[in-house]
Amino acid sequence: MRIYADNAATTKMSKAAIEAMMPYITDIFGNPSSLYSEGQRAKEAIENARETVGRCIGASPKEIYFTSGGSEADNQALRSAVYEGKIKGKTKIITDTIEHHAVLHTLKKLEKEGFEVVYLPVGKNGIVNADDVINELDDKTCLVTVMYANNEIGTVQPIRKIGEACRRRNIVFHTDAVQAVGHIPVNVTADNVDMLSASAHKFHGPKGVGFLYVRKGVRLHNLIEGGAQERGKRAGTENVPGIVSAAAALEEAVSDIDKNTEKLTHLRDRLIKGLSEIPHSALNGDLKERLPSNVNFCFEGIEGESLLLLLDDKGISASSGSACTSGSLDPSHVLLAIGRPHDVAHGSLRLTLGENATEEEVDYIVSAVKEVVSYLRGFSPVWRDLCAGKSKFLL
Ligand SMILES: *Cc1c(COP(=O)(O)O)cnc(C)c1O
């Protein structure tokens, strides 16, 4: 038996997504820029997908630009907003310390190009204080970028309130909504968002396709120059099968949000309750303001990597930190940002449930984690010192 509990890293493609894609990898293979009927059928499929995607997030189809995924959408959004700002002499960017690396690494580059970036701290619960953002807004600010929901600890940010303040001051507000779209209700109009990034493989669509929402009137700069695809803003022959499939996946995910939220919230809380019984452990992120699928814990005295390998042996796929940082020795920047000390941050476990998860699976995960944590602590020198009183328990 395998239990896939790493849905924040990627998801399995849905049946609807696979079926929607099939005709476009077989018969309808034309280039959407071609004028004959094979091309025009492909073109039509893209425009239908654009309409579906727009409808799913409360946007007009003209405001949707397909990209190669969430990272590209983040890169293009950030650079567009700040290059536009610079023209008007605005060079200040406001963000927070728990963004995805697609945002953080782009901002590091922009700092080298002369932009000033303010990294606001988050609370111990992993939530950005909207008033902190509002207090930083000034006439020099060209961009605020705050993620909708965090990919590691699942915390949902006060997007609506931040968006409202930015809108009032006419400052571009971008949100990396890769973990939110298709999982919790997202509406760009109600949320006062100017730019929003999403990625299909996080909502049961294919990898290598995503989209950027850009509100009408907000200028977009190109990352990729070439043909006139995506209304001249993103060159390159479109990923037709991927785009069509992404739209089908999103439509299904959005229509199932209420049903899935109820089910997942119940399973998530059961998992949290079970893992909380492990001594010297702590939940990372807010108990309530978090994605319905996300559970993230720290266990004192163990290494996250060993935990993952032993869980894998027991048939459980999980993660420690984000998929992008595992393999590196640095502990997660998100866990450090919520105040976990280095040693504790190393012993973290992220479990992100899929919509098909069951109570039996959750109970199996709890018993497997309990067993593996106590096994690893059995020969951990760090744990021995803690128990002997030579060092202090932090959790
Ligand atoms: C996965 C993820 C990304 C990157 O998306 P890709 O489509 O894999 O490039 C960006 N931001 C967040 C929050 C993510 O979870």
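It should be emphasised that the depicted structure is a prediction, and the values quoted were computed from it without experimental measurement.

### Here we look at the overall build of the chain
Then, in step 1: Broken down by element type, the chain carries 13 helices and 12 strands.
Then, in step 2: For a compact globule of 395 residues, the expected C-alpha radius of gyration is about 21 Å, and the chain comes in at 22 Å, within 12% of that figure.
Then, in step 3: In terms of overall dimensions, the chain has C-alpha extents of about 75 × 50 × 35 Å along its principal axes.
Then, in step 4: Among the 395 residues that make up the chain, the fraction classed as buried is 56%.
Then, in step 5: Taking all contacts inside the chain whose residues are at least 6 apart in sequence as the whole, residues at least 24 apart take part in 74%.
Then, in step 6: Looking at the chain, you have 46 positive and 52 negative side-chain charges, and the mean spots of the two groups are 3 Å apart.

### Overview of the packing of aromatic side chains
Then, in step 1: This model, assessed by the stated rule, comprises four aromatic pairs.
Then, in step 2: Seen from their ring centres, Phe297 and Phe299 are 5.8 Å apart, and the 10 degrees between their planes marks the pair as stacked.
Then, in step 3: Overall, the relative accessible area of 1% leaves Phe297 in the buried class.
Then, in step 4: Each ring, one from Trp383 and one from Phe393, has its centre 5.5 Å from the other, and the planes form 65 degrees; the classification is edge-to-face. Of the two residues, Trp383 is situated in helix α13 (residues 381–387) and Phe393 in the segment after α13; the sequence distance between them amounts to 10 residues.

### Considerations on the sheet that holds strand β7 (residues 195–199)
Then, in step 1: Pairing within the open sheet is mixed, and its seven strands lie in the order β2-β8-β7-β6-β5-β3-β4. Single-partner strands in this sheet number two, and they are β2 (64–67) and β4 (116–120). The average undirected angle you get between the axes of adjacent strands in this sheet is 20 degrees.
Then, in step 2: Sheet topology note: the strand β6 (residues 172–176)/β7 ladder contains three bridges and is parallel. Residue His174 lies in a different strand from β7, and its bridge partner there is Met195.
Then, in step 3: The strands touched by helix α4 (residues 101–112) within the sheet are β3 (92–96), β4, β5 (141–145) and β6, with β4 carrying the most contacts at an inclination of about 145 degrees.
Then, in step 4: Seen against the sheet, helix α6 (residues 159–168) touches β5 and β6 and runs at an angle of roughly 160 degrees to β6.

### Some words on the sheet that holds strand β9 (residues 281–283)
Adjacent strands of a sheet form backbone hydrogen bonds with each other and so pair up, either parallel or antiparallel.
Then, in step 1: Spatial ordering of the open sheet is given by β9-β10-β12, a layout of three strands whose pairing is antiparallel. On the outer flanks of this sheet lie β9 and β12 (348–352), each paired with one strand and no other. Averaged over all pairs of adjacent strands, the angle between strand axes in this sheet comes to 20 degrees, irrespective of strand direction.

### Considerations on the pattern of salt bridges
Any two side chains of opposite charge can pair, so long as their charged atoms come close to each other.
Then, in step 1: If you walk through the whole model with that rule in mind, you get 25 salt bridges.
Then, in step 2: A salt bridge links Asp312 to Arg2; its shortest N-O distance comes to 2.8 Å. Of this pair, Asp312 sits in helix α9 (residues 304–313) while Arg2 sits in the segment before β1 (3–4), and the two are 310 residues apart along the sequence.
Then, in step 3: Here Asp312 falls in the partly exposed class, since its relative accessible area comes to 36%.
Then, in step 4: Here Lys43 ties to Glu47 by a salt bridge, and the two come within 3.9 Å at their closest N and O atoms. Here the residue Lys43 and the residue Glu47 both occupy positions in helix α2 (residues 37–57), the gap between them amounting to four residues, near one helical turn.
Then, in step 5: Judged by its relative accessible area of 30%, Glu47 is partly exposed.
Then, in step 6: Connected through salt bridges with shared partners, the residues Lys43, Glu47, Arg50 and Glu230 form a single ionic network.

### So, unusual backbone geometry
Then, in step 1: For His204, which is not glycine, the phi dihedral falls at a positive 70 degrees.
Then, in step 2: Along the polypeptide, His204 turns up in the loop between β7 and β8 (210–214).
Then, in step 3: Since its relative accessible area comes to 18%, His204 is described here as buried.
Then, in step 4: Here the phi dihedral of His280 falls at roughly 55 degrees; this positive angle occurs in a residue that is not glycine.
Then, in step 5: Looking at the secondary structure, you find His280 in the loop between α8 (257–276) and β9.
Then, in step 6: Classification of His280 as partly exposed rests on a relative accessible area of 28%.

### Describing helix α1 (residues 15–25)
Then, in step 1: Among the residues of α1, those classed as buried are Ala17, Ala20, Met21 and Tyr24. Viewed end-on, α1 has its buried residues packed into an arc of 95 degrees, placing them on one side of the element.
Then, in step 2: On its buried side, α1 packs onto α2 and α7 (240–255).

### Re the domain arrangement of the chain
Then, in step 1: Under the domain assignment, the chain is made up of domain 1 (15–255) and domain 2 (257–387).
Then, in step 2: In this complex, domain 1 contributes 29 residues to the contact, which on the side of domain 2 involves 23 residues.
Then, in step 3: Taking both sides of the interface into account, the surface hidden between domain 1 and domain 2 amounts to around 2100 Å²; carbon and sulfur atoms contribute 57%.
Then, in step 4: For the pair domain 1 and domain 2, the interface holds zero salt bridges.
Then, in step 5: In this structure, the connection of domain 1 to domain 2 is made through 13 residue pairs in polar contact (both at pLDDT 80 or more).

### As for the site of the ligand
Then, in step 1: Close to the ligand lie 13 residues, the nearest being Ser71, Asp176, Gln179, Ser199 and Lys202.
Then, in step 2: One of the side-chain N or O atoms of Asp176 is found 2.6 Å from a nitrogen atom in the ligand.
Then, in step 3: Within the side chain of Ser199, one N or O atom sits 2.6 Å away from an oxygen atom of the ligand.
Then, in step 4: The protein chains hide 86% of the 380 Å² of surface that the ligand would expose on its own.
Then, in step 5: With three residues, the top contributor of residues to the shell around the ligand is helix α3 (residues 70–87).
Then, in step 6: Its residues assigned to classes, the shell around the ligand shows two nonpolar, eight polar and three charged.

Rules used throughout
Residues numbered from 1 in each chain as written. Predicted model: local features only at pLDDT ≥ 70, side-chain atom pairs only at ≥ 80, totals over all residues. Heavy atoms only, no water. Helix = DSSP H or I, 4+ residues; strand = E, 2+ residues; numbered from the N terminus. Rg over C-alpha atoms; globule rule 2.2 N^0.38 Å. Buried < 20%, exposed > 50% of the residue type's maximum accessible area, 1.4 Å probe, protein only. Contact = heavy atoms within 4.5 Å. Lys, Arg positive; Asp, Glu negative; His and termini not counted. Charge placed at Lys NZ, Arg CZ, Asp CG, Glu CD. Phe/Tyr/Trp six-rings, centres within 6.5 Å; stacked < 30°, edge-to-face > 60°. Pairing = 2+ DSSP bridges. Axes fitted to C-alpha atoms, helices over the stretch in contact; angles between N-to-C directions. Salt bridge = Lys/Arg side-chain N within 4 Å of Asp/Glu carboxyl O. Arc of directions from axis to C-beta. Domains from an automatic or database assignment. Buried area = accessible area lost by both parts, 1.4 Å probe. Polar contact = N/O pair within 3.5 Å; in protein donor to acceptor, adjacent residues only side chain to side chain. Near = heavy atom within 4 Å. Areas by Shrake-Rupley, 256 points an atom, 1.4 Å probe, with all protein chains shown as cover. Nonpolar A, V, L, I, M, F, W, Y, C, P; charged D, E, K, R; others polar.

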